[in-house]
Amino acid sequence: FTFGEDIVAQFLNRHDLDLICRAHQVVEDGYEFFARRQLVTLFSAPNYCGEFDNAGAMMTVDDTLMCSFQILKPASAQQQRSGYGRPGTPKR
């Protein structure tokens, strides 16, 4: 399904909302605004499937409805090769 700024604005107006928050689409910086900041895409998995060099992000909304983002930086190629510093699976 494809939509543009006009559809976002119509949806927000119809439902008396200010922001659409969507997820599950890889975005390079972990989050990305669209439609004059009326829609934000979040993606929380840095280095998605080991194939992308994307950051991840989490969004927090405070009591005044101010949104802030925490960025999960992607691992370097060296960190990816070394298993991100996690211990391996124990042998049986």
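Conventions adopted
Residues numbered from 1 in each chain as written. Predicted model: local features only at pLDDT ≥ 70, side-chain atom pairs only at ≥ 80, totals over all residues. Heavy atoms only, no water. Helix = DSSP H or I, 4+ residues; strand = E, 2+ residues; numbered from the N terminus. Contact = heavy atoms within 4.5 Å. Areas by Shrake-Rupley, 256 points an atom, 1.4 Å probe, with all protein chains shown as cover. Core = buried A, V, L, I, M, F, W, Y, C linked by side-chain atoms within 4.5 Å. Buried < 20%, exposed > 50% of the residue type's maximum accessible area, 1.4 Å probe, protein only. Pairing = 2+ DSSP bridges. Axes fitted to C-alpha atoms, helices over the stretch in contact; angles between N-to-C directions.

Undergrad: Before we go on, may I ask you to explain the overall build of the protein in this structure?
TA: Check the secondary structure of the protein and you find two helices and five strands. The secondary structure elements of the protein, listed N-terminal to C-terminal, are α-β-β-β-β-β-α. Put simply, 33% of the contacts in the protein that link residues at least 6 apart link residues at least 24 apart. Counting only carbon and sulfur atoms, one obtains 51% of the accessible surface of the protein, whose full area is about 7400 Å².

Undergrad: I keep staring at the nonpolar core and nothing clicks. Help me out?
TA: Generally speaking, a soluble globular protein has its nonpolar side chains buried in company with each other. The biggest cluster of nonpolar side chains holds five residues, and these are Val-8, Leu-12, Ile-20, Ala-35 and Leu-39. In contact with Ile-20, not counting residues within four places along its chain, are Val-8, Phe-11, Leu-12, Gln-38, Leu-39 and Val-40.

Undergrad: So what exactly am I meant to see when it comes to the sheet that holds strand S3 (residues 39-42) here?
TA: For sheets, the rule is that strands pair by backbone hydrogen bonds, running either parallel or antiparallel. Here three strands make up an open sheet; going across it, the order is S1-S3-S2 and the pairing mixed. Two strands close off the open sheet at either side, each with one partner strand: strand S1 (20-23) and strand S2 (31-34). Across the sheet, the mean angle separating the axes of adjacent strands is 20 degrees when strand polarity is ignored. The pairing of S2 with S3 spans four bridges and is classified as antiparallel.

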